[in-house]
There are 2 protein chains.
Amino acid sequence: MSEKDSCIVRHFCHYSQLGADEKELLMSLEKGPVSLSAHEVLWEEGDLAGELCTISAGWAYSYRNIDDGSRQVLDVFLPGDVIGLREFAFTRRLSGVVMLTDGVVCRFPHRNIVDIFERSTRLTSIFFSISGRQQMMLTERLVNLGRRNAFEKTAHMVFELYCRLKRIDPDLGLSFELPLSQQIFADALGLSSVHVSRTFTELREENLLIRDRNRITILDEKRLESVAGFSEGYLEESLQSVLPEADLPGA
Amino acid sequence: MSEKDSCIVRHFCHYSQLGADEKELLMSLEKGPVSLSAHEVLWEEGDLAGELCTISAGWAYSYRNIDDGSRQVLDVFLPGDVIGLREFAFTRRLSGVVMLTDGVVCRFPHRNIVDIFERSTRLTSIFFSISGRQQMMLTERLVNLGRRNAFEKTAHMVFELYCRLKRIDPDLGLSFELPLSQQIFADALGLSSVHVSRTFTELREENLLIRDRNRITILDEKRLESVAGFSEGYLEESLQSVLPEADLPGA
DNA sequence: CGTAGGGTTGATAGTTTTCAAGTACAGTGG
DNA sequence: CCACTGTACTTGAAAACTATCAACCCTACG
């Protein structure tokens, strides 16, 4: 993996080593990066769905609006993530996506994914893994919403984001920026924003973490992980069992 | 689609028409069907994950056990469904799978999926769509757990199963077998079984549906759908936008 | 006839929401 | 530098929802 590898290439290398030709194929997806500001909309529920995108800088989230005026946040996307994968075979968007911070995304049509299916089994397997990993994160969220109380839910969400951020930046310390309002936490966890506020107060009183503005400071990593019922397994994966490593003339 | 098409072939035909060679490739996955009885375990959390399977008859469900002794049901699988897709790139199972009724499943190693990646772009796209559809169902469940009360949750779950059953059997009427105990409903919806009981009573008093033993009778389909906040979109998909139809010499 | 599993019902306790009022802070324009 | 404004957050009290515990019923089945 060289310095000039793009964000998506670095992301894919988590799964399997890539040959030079595969990197090239992959980078062809990342043509035309577009800068977006915080709060800008990538797409809305009901829009035609013909493309997906990668987010190479900044944060975003996806959500569904509910009839009664509330909404459910479905995913939080970090740099390197692929957005819109699950709508591959759908005509219209079933969830909206909005930037949380300024950032850069690269859009490409669904058709390009099919090109990859035709040209690289390894990249196909990786896309398939990413889809599986997104499913795993969703099932973990299902557990979080179904079987944990507000205290545990909140601890879990913070800890998951902490782990995902550390995968992107291994140097991340125990204090880091987390640009999510309490309302976003509430909409992701199925709580009211008022209760999220009380819950962060409680987490501070328990000396587990401090949230001040958009900064999280983890005070007791081990105990936070334990309170959250967190087990990292669902974020960890590899294709080694399925794919042989590439012989890498041009890695 | 001919009479002798296997269950998985019929299921895949929902997405795109298949050529004879593709059908054959697909059916090679369904070698060695195994009969299982109700309550039999396909695999448990922590088992090595090297294969997936299709369920060609009967019902199953997947679940995660929680430290505190409760559990979360993640999916309910009906005939034709693919089980274990999200663990494709994982070494170990992160959820257990158990039969709800007697049934028949076909196991095959992950490696066979990669073979399909190598040999048919169309089938690859379909597998990818199925993975996307499973994600869509999970996000719908997320909304259900996060933003609906017990009454709406239960209505939604019943209605989703009703729709999925009708896709398998278009002749399905408003009264049908649903082999899920109230405890399973509870574990799927993040409720206590006691409250599920009260909720079904309430649904009956509202003349929406009757649950007697394992039989559901829908009394007011339109109002049930509306109470549930149900919109079928997340179950509907096709690959027509992405893939041309096959020319079908041997369909 | 006895038993076990699943389901129902009532009383009580715990968790979370809602409503309402107030605080803190960043950005703006004077 | 200051007042003004909007957004995010905090706090309290009351209401709504759901869990828990315990007792009981019902039915299939040996």
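Rules behind the numbers
Residues numbered from 1 in each chain as written. Chains lettered and ligands numbered in written order. Predicted model: local features only at pLDDT ≥ 70, side-chain atom pairs only at ≥ 80, totals over all residues. Heavy atoms only, no water. Near = heavy atom within 4 Å. Polar contact = N/O pair within 3.5 Å; in protein donor to acceptor, adjacent residues only side chain to side chain. Helix = DSSP H or I, 4+ residues; strand = E, 2+ residues; numbered from the N terminus. Nonpolar A, V, L, I, M, F, W, Y, C, P; charged D, E, K, R; others polar. Least-squares fit on C-alpha atoms with pLDDT ≥ 70 in both. Contact = heavy atoms within 4.5 Å. Buried < 20%, exposed > 50% of the residue type's maximum accessible area, 1.4 Å probe, protein only. Domains from an automatic or database assignment. Buried area = accessible area lost by both parts, 1.4 Å probe. Salt bridge = Lys/Arg side-chain N within 4 Å of Asp/Glu carboxyl O. Pairing = 2+ DSSP bridges. Axes fitted to C-alpha atoms, helices over the stretch in contact; angles between N-to-C directions. Parallel < 35°, antiparallel > 145°, perpendicular 65-115°, else oblique.

Per an unreviewed UniProt entry, chain A is named Crp/Fnr family transcriptional regulator, and its organism is Larsenimonas rhizosphaerae.

Caption draft 1: Main features of the protein's contact with DNA strand C. The environment of DNA strand C is made up of 16 residues, and the closest members are Ser192(A), Arg198(A), Gln182(B), Ser197(B) and Arg211(B). Counting only the atoms of DNA strand C that lie within 4 Å of the protein, the sugar and phosphate share comes to 66%. Side-chain polar atom of Ser192(A) to a phosphate oxygen of DNA strand C: 3.0 Å apart, as the coordinates give it. Within the side chain of Ser197(B), one N or O atom sits 2.8 Å away from a phosphate oxygen of DNA strand C. When residues of the surface near DNA strand C are assigned to their parent elements, the largest contribution, 4 residues, is made by helix H7 (residues 193-205) of chain B. Classifying every residue of the surface near DNA strand C gives 4 nonpolar, 8 polar and 4 charged.

Caption draft 2: Seen up close, the relation of the copies chain A and chain B. Mapping chain A onto chain B is achieved by rotating through 180 degrees and translating by 0.0 Å along the same axis, at an RMSD of 0.0 Å. The transformation relating the two chain copies, once decomposed into turn and shift, fits a two-fold axis. Interface overlap between copies: 100% of the residues of chain A at the interface are likewise at the interface in chain B, consistent with a symmetric, same-surface contact.

Caption draft 3: Geometry of the environment of Glu45(B). Residue and element names in this part refer to chain B. Looking at where Glu45 falls in the secondary structure, it is placed in the loop between strand E2 (41-43) and strand E3 (51-57). A relative accessible area of 33% means that Glu45 is categorised as partly exposed. Residues Glu45 and Leu219 lie 174 residues apart in sequence; the distance between their C-alpha atoms is 39 Å. With residues near it in sequence (within four places) discarded, Glu45 still touches Tyr63, Arg64, Asn65, Arg93, Leu94, Ser95 and Gly96. A polar contact of 2.9 Å, which involves the side chain of Glu45, links it to the backbone nitrogen of Asn65.

Caption draft 4: Representation of the domain arrangement of chain A in the model. Residues and elements named next belong to chain A. What the domain assignment lists for chain A is domain 1 (7-142) and domain 2 (149-228). Taking the mean C-alpha position of each, domain 1 and domain 2 sit 24 Å from one another. On the domain 2 side, the residues contacting the 17 residues of domain 1 number 16 residues. In this assembly, domain 1 packs against domain 2 so that about 1,500 Å² is buried in total across both faces, 60% of it on carbon and sulfur atoms. When the area that domain 1 buries against domain 2 is broken down by residue, the three leading residues are Trp59, Arg71 and Leu78, summing to 31%. At the junction of domain 1 with domain 2, the criterion picks out 3 salt bridges. Arg164 is the partner of Asp81 in a salt bridge, and the nearest nitrogen-oxygen pair spans 2.9 Å.

Caption draft 5: Layout of the sheet that holds strand E10 (residues 209-212) of chain A. All names here are of chain A. Taken together, the 3 strands give an open sheet; going across it, the order is E9-E11-E10, and neighbouring strands pair in antiparallel fashion. Only two strands of the sheet have a single partner each, and these edge strands are strand E9 (175-177) and E10. Direction aside, the axes of adjacent strands within the sheet are offset by 15 degrees on average. In terms of strand pairing, E9 meets strand E11 (residues 215-218) through 3 bridges, oriented antiparallel. Bridging from a neighbouring strand, Phe176 pairs with Ile216 of E11. Where helix H5 (residues 150-168) meets the sheet, it contacts E9, E10 and E11, and its direction lies at approximately 90 degrees from that of E9. On the sheet, helix H7 (residues 193-205) packs against E10 and E11 and is oriented at approximately 135 degrees with respect to E10.

Caption draft 6: Representation of the packing of H5(A) against helix H6 (residues 182-189) of chain A in the model. Residues and elements named next belong to chain A. Close contact between H5 and H6 brings their axes to 11 Å; oriented N to C, the two are set at 110 degrees. On the basis of their axis angle, the class for H5 and H6 is roughly perpendicular. Residue-level contacts link Lys153, Thr154, Met157 and Val158 of H5 to Phe185, Ala188 and Leu189 of H6. Each residue belonging to the contact of H5 with H6 can be placed in one class, and the counts come to 5 nonpolar, 1 polar and 1 charged.

Caption draft 7: Expanded view of the pairing of E11(A). All names here are of chain A. With burial as the criterion, only one face of E11 is covered, namely that bearing Ile216 and Ile218; the residues Arg215 and Thr217 on the opposite face remain uncovered. Two strands pair when backbone bridges link them, and E10 and E11 are joined in this way by 4 bridges, in the antiparallel orientation. Bridge assignment links Arg211 to a residue of E11, and that residue is Ile216. Where E10 folds back on E11, the antiparallel hairpin that results is connected by 2 residues, among which Arg213 adopts a positive phi of roughly 55 degrees.

Caption draft 8: Seen up close, the packing of helix H5 (residues 150-168) of chain B against H7(B). All names here are of chain B. Packing of H5 against H7 leaves a shortest axis separation of 9 Å and a crossing angle of 80 degrees. It follows that H5 is roughly perpendicular to H7 by the angle criterion. Contacts between H5 and H7 pair Ala150, Phe151, Thr154, Ala155 and Val158 from the former with His195, Thr199, Phe200, Glu202 and Leu203 from the latter. Its residues assigned to classes, the contact of H5 with H7 shows 6 nonpolar, 3 polar and 1 charged.

Caption draft 9: Fine view of the sheet that holds strand E5 (residues 71-77) of chain B. Residues and elements named next belong to chain B. One open sheet accounts for 4 strands, arranged E2-E7-E4-E5; its pairing is antiparallel. Edge positions in the sheet fall to E2 and E5, since each has one partner strand and no second. The average angle at which neighbouring strand axes cross in this sheet is 25 degrees, direction not considered. Looking at chain direction, E2 and strand E7 (residues 96-99) are connected through 2 bridges and run antiparallel. Each residue of the ladder has a partner; that of Trp43, found in E7, is Val97.

Caption draft 10: A look at the interface of chain A and chain B. Taken together, the contact between chain A and chain B spans 54 residues of the former and 54 residues of the latter. Applying the counting criterion to the chain A and chain B interface returns 4 salt bridges. A salt bridge links Asp187(B) to Arg147(A), with the nearest nitrogen and oxygen atoms 3.0 Å apart. At the junction of chain A with chain B, the criterion picks out 17 residue pairs in polar contact (both at pLDDT 80 or more). Of all the elements in the fold, those that place two or more residues in the side of chain A that touches chain B are strand E5 (71-77), helix H3 (110-119), helix H4 (121-147) and H6 of chain A.

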